[in-house]
Amino acid sequence: MGAATDVAVVGAGIVGLATAHALRRSGLSVTVYESGRPGGGQSAGQARIFRHAHTDPRLVEMAVAARRVWRDWEGEFGTELISRDGAVALGAGVADKLEILRRTPGIDARGIGAEELATRLPPLAGYDGPAMLDATGGSIRTVAAIDALTERLRDSLVTDHVLTLRHTAAGTVEIRTGTTCSDFGNVVVCAGRGTAPLAGTLGLALPVQVSAHVRVTFRPRSAPPATLATLQDSSGEFGETGIYAAAYPGNTHYALGLSDSVPSNDGGSVDPTALAGLAERAAGYVDRALPGLAPEPEGYVHCWVTRLPWGEDAPAAWQDGGATFLAGHNLFKLAPVLGATLADSITTGHPAATLDPSRRLGDPAADR
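Treat the numbers as computed from the prediction; the structure is a model and nothing was measured.

Student: Is there a simple way to think about helix α8 (residues 335-348) in this case?
Tutor: For an α-helix the count is 3.6 residues per turn, leaving residues at separations of three or four pointing the same way. Spanning 14 residues, α8 covers 20 Å between terminal C-alpha atoms, matching the ideal 20 Å at 1.5 Å per step. Burial analysis of α8 places 10 of its 14 residues in the buried class, which makes it a mostly covered element. Regarding α8, the residues found buried are Ala-335, Pro-336, Val-337, Leu-338, Gly-339, Thr-341, Leu-342, Ala-343, Ser-345 and Ile-346. In this structure, the buried side of α8 is in contact with β1 (7-10), α1 (14-25), α2 (57-77), β12 (186-189), β19 (315-320) and β20 (323-328).

So this is what it looks like as structure tokens:
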């Protein structure tokens with residue numbers, strides 16, 4: 001039993017793939033373990049929001065760095081990965097978001113009025129409250145990103161489930177899968193709901209809160225609009241707060257969800273009626289707020305959510321010897337910089353200090 005490659009990455013969602021890609025570019029050999037289809041877990045779906053706005057200024061800076069890498073990837077992969085339609089936010093929190101964004105160089109964000117809002121979001125009902133545009137935000141082309149990274153890493157992918165990690169006397173990390181047992185100098189675990197249980201095999205207890213979530217897809221009533229910005233609506237104007245939505249390529253569909261999710265007390269089961277209720281609320285919101293969309297759902301993405309207790313957008317990485325575990329929520333947009341940070345910690349031999357749990361990224365009070 002020897003080291004198969006320099007590094008093992010467990011999980012081929014967007015962060016795992018980004019990490020493996022960065023490791024390969026640094027000259028290290030990589031094995032990527034994934035039990036299902038790459039991008040088929042918490043990275044599933046056709047669209048996500050790229051936005052710079054966060055309540056923690058440190059995450060705003062990370063988003064700026066991530067946006068640069070998304071642009072680099074577009075050049076490397078030869079395809080659009082973030083739409084050029086921008087990201088719109090509604091509600092009383094707009095002023096606070098703009099204040100934080102204006103303090104960070106490299107962001108084009110401003111308040112907009114009802115006329116421009118109607119141009120940016122044609123399906124939206126009349127709204128004249130606070131609104132802002134993040135001009136270089138937009139809908140992430142999730143499938144294009146996953147496919148491009150998967151193609152680059154095709155020869156590194158192993159379809160198998162990882163059961164345990166163990167430190168060896170030689171200083172390596174042993175991985176036992178369904179059919180193999182191998183040692184690696186370093187292991188990075190980006191396995192969504194599976195991250196905390198794997199950390200547990202090394203005696204680490206991660207404070208991950210597991211719940212279930214649904215995004216519902218709707219089609220425009222007529223031809224796809226030429227421009228369809230992403231949406232975050234905390235206004236309550238249309239009967240819900242915490243709404244988010246992003247467009248499919250070509251603006252053929254709009255995928256919409258609530259920030260609410262259904263807690264799972266055991267990390268593996270969920271109340272099906274409560275989950276269906278989230279989908280019904282999403283459809284009700286579309287009927288009231290987005291009359292340019294047909295309110296009948298065209299599709300669904302059901303997925304697990306793994307939150308850290310100090311923030312909705314919080315990422316953190318725990319390190320134990322040669323094993324690193326990344327956990328958090330709303331990570332898709334930050335994946336390029338998260339992957340680069342984790343890869344850099346391995347190539348330099350230094351822990352990923354920016355992601356240390358003690359920093360409580362995503363908690364604005366921790367930055368004071």
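Student: Help me understand the state of the cysteines, please; the structure alone is not making it clear to me.
Tutor: What we call a disulfide is simply a covalent bond connecting the sulfur atoms of a pair of cysteines. One pass over the structure, following the stated rule, counts zero disulfides. Cysteine Cys-303 is unpaired, with the sulfur of Cys-190 as its nearest cysteine sulfur at 17 Å. Classification of Cys-303 as buried rests on a relative accessible area of 10%.

Student: Before we go on, may I ask you to explain the pattern of salt bridges in this structure?
Tutor: Pairing is possible between side chains of opposite charge, provided their charged atoms come close. Taken as a whole and assessed by the stated rule, the structure comprises 19 salt bridges. In this structure, Arg-110 engages Glu-116 in a salt bridge whose closest nitrogen and oxygen atoms are separated by 2.8 Å. Judged by its relative accessible area of 24%, Glu-116 falls in the partly exposed class. For the salt bridge of Arg-307 with Glu-312, the shortest nitrogen-to-oxygen distance reads 2.9 Å. Here the salt bridges share partners, and the residues they tie into one network are Arg-25, Glu-76 and Arg-152.

Student: How do you make sense of the nonpolar core when you look at a structure like this?
Tutor: Within soluble globular proteins, side chains that are nonpolar generally end up buried alongside one another. Of all hydrophobic cores here, the largest spans 44 residues; its most connected members are Val-15, Trp-70, Leu-326 and Leu-355. When contributions to this core are tallied by element, the ones reaching two or more residues are β1, α1, β2 (30-34), α2, α5 (142-152) and α8. Counting residues per element, this core draws most heavily on α2, at eight residues. Judged by nonpolar contacts, the second largest core, of 35 residues, contains Leu-90, Leu-117, Ala-279 and Leu-290.

Student: In this structure, what is going on with the UniProt feature "domain: FAD dependent oxidoreductase" (unreviewed entry) in the chain? I would like to understand it.
Tutor: The UniProt entry lists residues 6-344 under the feature "domain: FAD dependent oxidoreductase" (unreviewed entry), expressed in the numbering used here. Along residues 6-344 one finds 28% helix and 29% strand; the C-alpha atoms at either end are 14 Å apart.

Student: How should the packing of α1 against α8 be read in this particular structure?
Tutor: Packed helix pairs are characterised by how far apart their axes lie and by the angle those axes make with each other. Here α1 crosses α8 at 50 degrees, and the two axes come no closer than 7 Å. Taken together, the axis directions place α1 and α8 in an arrangement best described as oblique. For α1 against α8, the interelement crossing comes out right-handed. Within the contact between the two elements, α1 uses Ile-14, Val-15, Ala-18, Thr-19, Ala-22 and Leu-23 and α8 uses Ala-335, Pro-336, Leu-338, Gly-339, Ala-340, Leu-342, Ala-343 and Ile-346.

Student: What is the right way to read the environment of Val-301 from this model?
Tutor: Along the polypeptide, Val-301 turns up in strand β18 (residues 299-307). A relative accessible area of 15% means that Val-301 is categorised as buried. With sequence-adjacent residues up to four places away left out, Val-301 is seen in contact with Ala-44, Gly-45, His-213, Val-214 and Arg-215.

Student: I would appreciate a short explanation of the domain arrangement of the chain in the present structure.
Tutor: Frequently, the measure chosen for interface size is the accessible area that the parts lose on association. Here the chain is described as being made up of domain 1 (6-41 + 145-207 + 311-359) and domain 2 (87-135 + 209-307). For domain 1 and domain 2, the distance between their C-alpha centroids amounts to 30 Å. Between domain 1 and domain 2, the contact holds seven residues from the first and 10 residues from the second. Between domain 1 and domain 2, roughly 680 Å² of surface is buried when both sides are summed, and carbon and sulfur atoms account for 49% of that area. Ranking the residues of domain 1 by area buried against domain 2 places Arg-193, Glu-312 and His-329 at the top, with a combined share of 65%. Taken together, the links from domain 1 to domain 2 amount to four residue pairs in polar contact (both at pLDDT 80 or more). Among the residues making up the side of domain 1 that touches domain 2, the classes are represented as one nonpolar, four polar and two charged.

Student: Is there a simple way to explain the sheet that holds strand β9 (residues 162-167) in this structure?
Tutor: Remark on secondary structure: sheet strands pair via backbone hydrogen bonds, oriented parallel or antiparallel. Strand order in the open sheet made by the three strands is β9-β10-β11, with antiparallel pairing throughout. The sheet is open, and its two borders are formed by β9 and β11 (181-184), each paired with just one other strand. Each neighbouring strand pair of the sheet contributes to a mean axis angle of 25 degrees, computed without reference to strand direction. The sheet contact formed by β9 and strand β10 (residues 173-177) spans five bridges and is antiparallel. Bridge pairing links Val-162 to Thr-177 in β10.

Each value, and the rule that gives it
- Residues numbered from 1 in each chain as written.
- Predicted model: local features only at pLDDT ≥ 70, side-chain atom pairs only at ≥ 80, totals over all residues.
- Heavy atoms only, no water.
- Helix = DSSP H or I, 4+ residues; strand = E, 2+ residues; numbered from the N terminus.
- Expected span 1.5 Å × (residues − 1).
- Buried < 20%, exposed > 50% of the residue type's maximum accessible area, 1.4 Å probe, protein only.
- Contact = heavy atoms within 4.5 Å.
- Disulfide = S-S within 2.5 Å.
- Salt bridge = Lys/Arg side-chain N within 4 Å of Asp/Glu carboxyl O.
- Core = buried A, V, L, I, M, F, W, Y, C linked by side-chain atoms within 4.5 Å.
- UniProt positions renumbered as here; feature names shortened; annotations may be inferred.
- Axes fitted to C-alpha atoms, helices over the stretch in contact; angles between N-to-C directions.
- Parallel < 35°, antiparallel > 145°, perpendicular 65-115°, else oblique.
- Left-handed = near helix turned anticlockwise from the far one by under 90°.
- Domains from an automatic or database assignment.
- Buried area = accessible area lost by both parts, 1.4 Å probe.
- Polar contact = N/O pair within 3.5 Å; in protein donor to acceptor, adjacent residues only side chain to side chain.
- Nonpolar A, V, L, I, M, F, W, Y, C, P; charged D, E, K, R; others polar.
- Pairing = 2+ DSSP bridges.

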